[in-house]
Each structure stands twice: as C-alpha cells, then as structure tokens.
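# Analysis of the macromolecular model
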Amino acid sequence: LIQTSAIICAAIGVDTDLTLTYQLFAFLLCLIIVSRLSLRIQPPKISVTRRLPKYATAGQAFEYSINVANEGNHTERDLKLIDNPRIVSPDFKQFQQEREPGEETRNAYDRWIGFHRFVWLQRRNTGIVIKQGDVPEVSLKGSADTMMEAMPLRRGIVNFTSTTLLSPDPFGLNYAIKNFNQHEQLMVLPKRYPVSTNFELPGGRHFQPGGVNSTWSIGESEEFVSLRDYRDGDSMRKVHWPSTAKREKPVVKEFQDEFFVRQALVLDTDTKDSELLEETVSVAASLLLQTETSDGLMDLIYAANTTQIVTAGRGYAHVNHQLEALATLTRYEGAAERLQETLSAHRTLISGYILVLPGWSESQQQLVRSMSSTGIPVALFIVTQDEKKLADTPARANILPVNEVAKRLAGL
C-alpha cells in the first residue's frame, strides 16, 4: 500500500508548483528506505532446530516443532518461520501420462497448456504442504518452540532442505530473510482405512520347522521338551552340560517342532493407473494393521527388481517395517509372473494368503488360479475403477471400487 501510494504521489506531484503531493511522496519514500536499511542494522542472532516425528500418514495433517534459540543480546519478537521441502517438478513423461483430477472440467485452453496439471503434479511430487509458523517471543539467551502444521500429500519419503526465518523491521513493512540449511527426511506411510473386525485371516495352524521359538532367535531353535541320554548322531550343541557333569555321562536336551499360523499378504503393483495403485497400497496397509495382533507371522510379498519378502511378527520386524516398504513401493511391470514363481517356492511355509490386486487382468487371473490350485486358502481383494467391467471373478472375491474402498473394508 505504501509503495503504491508513493508511485501515485510521484505521478501527481511532478509539478511542484501546482500541488504539495510531492512532499507526501518524499515522506513515503524515506519511510521505505529507512525500513529497508533498518533490517541491516541489527539482524537477529538465531539458531533453529527442526524436530520431525518418525512417521506421518498420507492425507492426515500433523504438527511438529522447530526450536528457535536466541543467541543475541536482546529479546526477539514477531518472528516467522517457513519450512522448505525440496520441490520436485514432474518430468515430461509424467506430465504426458498423468491427469489432474477434474481436468476435464477446465476450458480447452487450460487443458492444452497444462499449467494447472503441472502445478498439481509438482505439488504432489513435493509431497507436503507446510503452513507458515509464528514464533513466540524469544527472551535473551532463551529459546521457544514453534509449532508447524503440515499436510502430507502422498506416501514415500519427503525431503526437507532448509528453514527460512523472517524478521520484521520496526515499521513492520519488510522482512529480513535468513536461511538455515537443514536437510532431513520424513517417512510418510500409506493412507489406511478401518477394517471390519469380522474379517478373518485365511488358513489355520501350520507346521513350521523350529517351532514358535524359531521366531525369537537366529539359527535353528526349537521348543524344549525334556532331557535324555546321548545317542549317536546327536549334535554337541544340544548337550546339557550341568546334567552331564552331575550324572557323569552325556545328557542332551530334547526339542520338538510346533505348529503355528503364518500368513502372507501378496501385493501386485502392475498397473498404469496411479490412483488405482495408491488405493491398492492403502488396502494392503490397512489389512496389515488389522492382522498386527495375530499370534503368528505375516509375510508381505511384492515384486520389485527382485521379489521382496518382509516378515513381521514375534521375533521378527514390527509391522511398521512393512508399512515403510509399502511407502516406497512403485509400479513393477510383470509383477504377477514374478510373484507366481516366488509363491511356488514359498508355499510350504504358508497357512493362508491375502492377495490384493489392482484390476483383473489375464496375468492376475492366472496368479489367482495358481495360488488356489495349491489348496491353501486365499482371501482375494480386487481394487478397481469400475466394478461393472469385471468379469469371471471368484464368488468370494472382495471387490473394492476406488470411490468405495473405505466403505467396503469397514463392511467386510
């Protein structure tokens, strides 16, 4: 407002004999100059430290803090913080293939230029929107926490590059800008939906070499049963030395194998539809959390450059490790064929399968037939854009239209 007023006064007061407006112009110009110069007289001596949470969830707003420490010799007021994520622009291939939601409603010129699509893709690729934070008053040699509000827009890793400190001049007309390089990463987990408590895992107790205790240690370990005399061929590792010393003859520990539940969640990622892929990953993440309280083991199996198997359960990784794997998952062409090969070698350990598919192609149908032929129970989930276009789906398949995923999972 002041800058615009100065320009107007300069134009009106060109002839100093007709008007005194030039005096107002001189005053406004001096105000602007003094405002700018004052920013250099005593810049704030501040250090900032970002404190990110370990995880965030796509589509769910969260708060984190930035600690501001005053290292100067006077109290700092009216400071503001801007946290800067790394801007990721779309490449030409992505710009051609992706479409902004609702783009068909824009006029022909906007659709042809694609500016709105570019802005939407860049925003989504960057992955997060962060509001400007107001810093509380920071006393001399003191510190204060500034709460920042952020909204993750996608799953995956979000990179932070710097934090910008804004300090106003005495008139409040301008801000001095100071950047602090702070390179950090935040893991954004996939969006999850509530799953009905009526959903039952497929399969029952299944023989596992080594028993339950094998899930608690590395190497071969079994359930201890009793002590017995040594027999030829027994491993020296099983000798119970206190009993051997007491009886003055070799005594070994006897173990037995056990039966327990081990399921596998198999995820196919072969689809060109980015929205369909995101919903498929969200369904898989939701089902993994639903099975977290199970007493057995859960394998997450998906195809990447090589087929990946991430196991969670007692003695193994936590379910968060599986969610991290899902967070960084990308499309893999020909995933169904790769999964079919892996499952053939893995089936002797599995009690039941949960299979999540993005669509219902011929290769995916072949994968379902191959898994069903083993006699192992399969819970099938098919995520689709249009339920009416699906044909020849198994009678007990769970069909999840993209716009009804939350409703269908809650009503299983």
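Residues numbered from 1 in each chain as written. Predicted model: local features only at pLDDT ≥ 70, side-chain atom pairs only at ≥ 80, totals over all residues. Heavy atoms only, no water.

### Here's the deal with the packing of helix α7 (residues 274-290) against helix α8 (residues 319-327)
Operational definition: In this analysis an axis means a line fitted to C-alpha atoms, helices contributing only their contacting stretch, and an angle means the value between N-to-C directions, from 0 to 180 degrees. Only runs of H or I of at least four residues qualify as helices and only runs of E of at least two qualify as strands under DSSP, and these elements are numbered from the N terminus. Angle categories: roughly parallel below 35 degrees, roughly antiparallel above 145, roughly perpendicular from 65 to 115, and oblique for all the rest. The contact criterion used is simple: two residues touch if any of their non-hydrogen atoms lie within 4.5 Å. As a working rule, the residues Ala, Val, Leu, Ile, Met, Phe, Trp, Tyr, Cys and Pro are called nonpolar, Asp, Glu, Lys and Arg charged, and the rest polar, with Gly in that last group.
At their nearest, the axes of α7 and α8 sit 10 Å apart, and the two run at 180° to each other. With respect to α8, the element α7 is oriented roughly antiparallel. Taking contact as the criterion, the partners of V281, A284, A285, L288 and L289 in α7 are, on α8, V319, Q322, L323 and L326. Grouping the amino acids of the contact of α7 with α8 by side-chain chemistry returns eight nonpolar, one polar and no charged.

### Considering the sheet that holds strand β15 (residues 297-303)
Using the following cut-off: Strand pairing follows a simple DSSP-based rule, namely that at least 2 bridges must link the two strands.
Overall, mixed pairing links the six strands, which are arranged β16-β15-β14-β17-β18-β19 in an open sheet. Edge strands, defined here as strands with exactly one partner in the open sheet, are β16 (307-312) and β19 (398-401). Pairwise comparison of adjacent strand axes, ignoring direction, gives a mean angle of 15° for this sheet. Relative to strand β18 (residues 378-384), strand β17 (residues 352-358) runs parallel, the two sharing six bridges. The partner of L355 across the bridge, within β18, is L380. Helix α9 (residues 335-346) rests against β14 (262-267), β15, β16 and β17 of the sheet, and its axis sits at about 145° to β15.

### A look at unusual backbone geometry
The phi angle at E248 is positive, at roughly 60°, despite the residue not being glycine. Turning to its location among the elements, E248 is positioned in the loop between α6 (241-247) and β12 (251-256). One non-glycine residue, D392, lies in the positive phi region at around 60°. Along the chain, D392 turns up in the loop between β18 and β19.

### Notes on helix α2 (residues 21-41)
Stated formally: A helix is expected to span 1.5 Å for every residue after the first. When a residue's accessible area, from a 1.4 Å probe over protein chains only, is under 20% of the maximum for its type it is buried; when over 50% it is exposed; and in between it is partly exposed. By construction, the arc corresponds to the directions joining the helix axis to the C-beta atoms.
If you check α2, its first and last C-alpha atoms are 31 Å apart, about what 21 residues at 1.5 Å a residue would give, namely 30 Å. Inspection of α2 places T21, L28, L31, I32, S35, S38 and L39 among the buried residues, and these make up the whole buried set. The arc that holds the buried residues of α2, viewed along the axis, is 130°, so those residues lie on one side. With respect to the buried face of α2, the exposed residues turned more than 90 degrees away are L37, R40 and I41.

### Looking at the nonpolar core
Convention followed: Only buried residues count toward a nonpolar core. Its members are Ala, Val, Leu, Ile, Met, Phe, Trp, Tyr and Cys residues joined through side-chain atoms within 4.5 Å.
Counting 34 residues, the largest nonpolar core has L265, L287, L326, I354, V356 and F381 as the members making the most contacts within it. Among the elements of the structure, β9 (175-189), β14, α7, β15, α8, β17, β18 and α11 (405-410) are those that each provide at least two residues to this core. If you tally residues by element for this core, the top one is α7, at eight residues. Not counting the four nearest positions on each side in its chain, L287 is found in contact with V195, F199, L265, I354, V356 and F381. Counting residues in hydrophobic clusters, the runner-up holds 24 residues, among them V48, A144, F160 and V188.

### Details of the packing of aromatic side chains
Note the cut-off: Only Phe, Tyr and Trp rings take part, Trp by its six-membered ring, and two of them pair if their centres are within 6.5 Å. Stacked means planes under 30 degrees apart, edge-to-face means over 60, and tilted covers everything else. Should the NZ of a Lys or the CZ of an Arg lie within 6 Å of a ring centre and within 35 degrees of the ring normal, that charge is described as sitting over the ring.
Considering all chains together, one arrives at three aromatic pairs under this definition. Pairing Y64 with F160 gives two aromatic rings, centres 6.2 Å apart and planes at 75°, and the pair type is edge-to-face. Of this pair, Y64 sits in strand β3 (residues 62-70) while F160 sits in strand β8 (residues 156-168); the two residues are 96 residues apart in sequence, bridging distant segments of the chain. Pair check on accessibility: Y64 and F160 agree, each one buried. Ring geometry for F199 versus F381: centroids 5.7 Å apart, planes at 70°, classification edge-to-face. Linking F199 in the loop between β9 and β10 (206-208) with F381 in strand β18, this pair joins segments that are 182 residues apart in sequence. In this structure, R117 packs its charged tip against the face of F95, placed 4.7 Å from the ring centre.

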